[in-house]
Amino acid sequence: NGVAHLGLKVRVMPSGFLILLRHFLRIDQVVFALRETRLYHRFVNAANPGSNDAPRGKLLVQTTSSRVNYDALKEYAVKTTLEQDVSPYLLDENWIGAQLLVTSKDEHCKIPQAEVLAFETQEVIL
C-alpha cells in the first residue's frame, strides 16, 4: 500500500513564468520519496531591459530529489511531535517534504536549441 501524487503548479507573469512539478511517493512501511523540478523562464522584453536577475530568453531548470526510510521518519516524527500516534503526520505530504534532506540537486540553464550551459550535482548521504 502507499500513494503516488504528481502535482503541477504554473505561474505566468508579464515578466516570465514559473513551473513546479512535484512527485511524491509513499510506500507504506518502506520509503518516502520526493522529486521536484522547477522551471523558470524570463521573457525577452525590450520594454524592461534594466533587470538583470535572470538571463532572458533562457530556461532555468532545478531538480531536487529526497528519499528517506519509512521507519526512520516515523521514529523522527515520534521524537519531534511528542505524540504516540503520528499517522496524521505520515500522511501529510507537506510535513514529510519539509523533513526530507535533499539527496541530489541538479541545476542547469538551457538556451532554446543549444547545449546545457552549466550542470551541478550535490549529494547528501543519510
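Let us look at the structure shown here. Predicted model only: the values in this text are computed from it and were never measured. (Residues numbered from 1 in each chain as written. Predicted model: local features only at pLDDT ≥ 70, side-chain atom pairs only at ≥ 80, totals over all residues. Heavy atoms only, no water.)

Observations concerning unusual backbone geometry
Thinking step 1. Not every positive phi belongs to a glycine, and Q29 is a case in point at roughly 65°.
Thinking step 2. Classification of Q29 by relative accessible area gives exposed; the value is 53%.
Thinking step 3. Despite not being glycine, L82 has its phi angle at roughly 60°, a positive value.
Thinking step 4. Looking at the element boundaries, L82 is found in the loop between α1 (70-81) and α2 (87-90). (Buried < 20%, exposed > 50% of the residue type's maximum accessible area, 1.4 Å probe, protein only. Helix = DSSP H or I, 4+ residues; strand = E, 2+ residues; numbered from the N terminus.)

Observations regarding the environment of H23
Thinking step 1. Its place among the elements puts H23 in strand β2 (residues 16-27).
Thinking step 2. H23 sits 18 residues away from H5 along the chain, and the two C-alpha atoms are 5.7 Å apart.

Some remarks on the pairing of β2
Thinking step 1. For strand β1 (residues 2-13) and β2, the ladder comprises 12 bridges, and the chain directions are antiparallel. By the bridge assignment, H5 is partnered in β2 with F24.
Thinking step 2. Where β1 folds back onto β2 in an antiparallel hairpin, the turn is made up of 2 residues.
Thinking step 3. Pairing between β2 and strand β3 (residues 31-42): 12 bridges, direction antiparallel. Bridging from a neighbouring strand, R26 pairs with F32 of β3.
Thinking step 4. The hairpin turn running from β2 into β3, its antiparallel successor, is 3 residues long, and Q29 in that turn takes a positive phi close to 65°. (Pairing = 2+ DSSP bridges.)

Don't take any of this as a statement about function, it's just geometry.
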